[in-house]
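A structural walkthrough
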Amino acid sequence: MRVDALASVSLSAGVVGTAFAASMIDMFATGGRRYTDGRMVASRLGADPQNLTLPDGQQGKSASAPGAELLAAHRASEAPSVTVTTGVAPTSRVVRSLAPLAGERVLRGLQRLTQ
């Protein structure tokens, strides 16, 4: 089963909230998740990129990222294999390959600051 979450996201210019920033850094560092054969397993952030045609004919892109939709889809469907993609995940090959490194560097820097 695959769920494509394509919410409209808009951020005003300015400072991002602490919880949102922490979630984004964690996502870049730890990657995504999926269910395979009934077990939650790690997957690369931005894996399984999709080019989608929306009902109004517009084109959209999505790729895998961690999110609550994964657990909800797995519980509701009881499907053994579930993948969730989102429109806010990186779909560029370059960004997908650099994201884990960038996230780890930021996490290490934050850990040094808090020690």
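Conventions used here
Residues numbered from 1 in each chain as written. Predicted model: local features only at pLDDT ≥ 70, side-chain atom pairs only at ≥ 80, totals over all residues. Heavy atoms only, no water. Salt bridge = Lys/Arg side-chain N within 4 Å of Asp/Glu carboxyl O. Buried < 20%, exposed > 50% of the residue type's maximum accessible area, 1.4 Å probe, protein only. Helix = DSSP H or I, 4+ residues; strand = E, 2+ residues; numbered from the N terminus. Arc of directions from axis to C-beta. Core = buried A, V, L, I, M, F, W, Y, C linked by side-chain atoms within 4.5 Å. Contact = heavy atoms within 4.5 Å. Pairing = 2+ DSSP bridges. Axes fitted to C-alpha atoms, helices over the stretch in contact; angles between N-to-C directions. Polar contact = N/O pair within 3.5 Å; in protein donor to acceptor, adjacent residues only side chain to side chain.

**So, the pattern of salt bridges**
What the rule picks out here adds up to one salt bridge. A salt bridge links Asp4 to Arg2; the nearest nitrogen and oxygen atoms lie 2.8 Å apart. Assessed through its relative accessible area of 28%, Asp4 is described here as partly exposed.

**Examining helix H2 (residues 68-77)**
One full turn of an α-helix is made of 3.6 residues, so residues set three or four places apart face in the same direction. Looking only at H2, the buried set comprises Leu70, Ala73 and His74. The arc that holds the buried residues of H2, viewed along the axis, is 100°, so those residues lie on one side. Opposite the buried face of H2, by more than 90 degrees, sit the exposed residues Ala68, Arg75 and Ala76. Following H2 by one or two positions, Glu78 has its phi on the positive side, about 55°.

**Concerning the nonpolar core**
The nonpolar side chains of a soluble globular protein tend to be buried with one another. Counting six residues, the largest nonpolar core is built from Tyr35, Leu70, Ala73, Ala79, Val82 and Val84. Non-local contacts of Val82, meaning those with residues more than four positions away in its chain, are made with Met1, Arg34, Tyr35, Leu70, Ala73, His74 and Ser77. With five residues, the next largest nonpolar core counts Leu45, Ala63, Ala65 and Ala89 among its residues.

**Some remarks on the sheet that holds strand E1 (residues 2-5)**
Pairing is mixed in the open sheet, where four strands are placed in the order E1-E6-E5-E4. The open sheet terminates on both sides in strands that have one partner only, identified here as E1 and strand E4 (50-53). Strand after strand, the sheet turns through a mean of 35° between neighbouring axes, direction not considered. One ladder, built from four bridges, connects E1 with strand E6 (residues 83-86); its direction is parallel. Looking at E6, one finds that Val3 is bridged to Val84.

**A short note on the environment of Leu45**
Its location among the elements puts Leu45 in the loop between strand E3 (39-43) and E4. As a C-alpha pair, Leu45 and Gly31 span 14 residues in sequence and 4.2 Å in three-dimensional space.

**Here's the deal with the side chain of Ser43**
Tracing the sequence through the fold places Ser43 in strand E3. Engagement of the side chain of Ser43 in a polar contact is seen with the backbone nitrogen of Arg33, the distance being 3.5 Å. The contact partners of Ser43, leaving out residues within four places of it in the chain, are Gly31, Gly32, Arg33, Arg34 and Ser64.

Any functional reading would require information that these geometric values do not contain.
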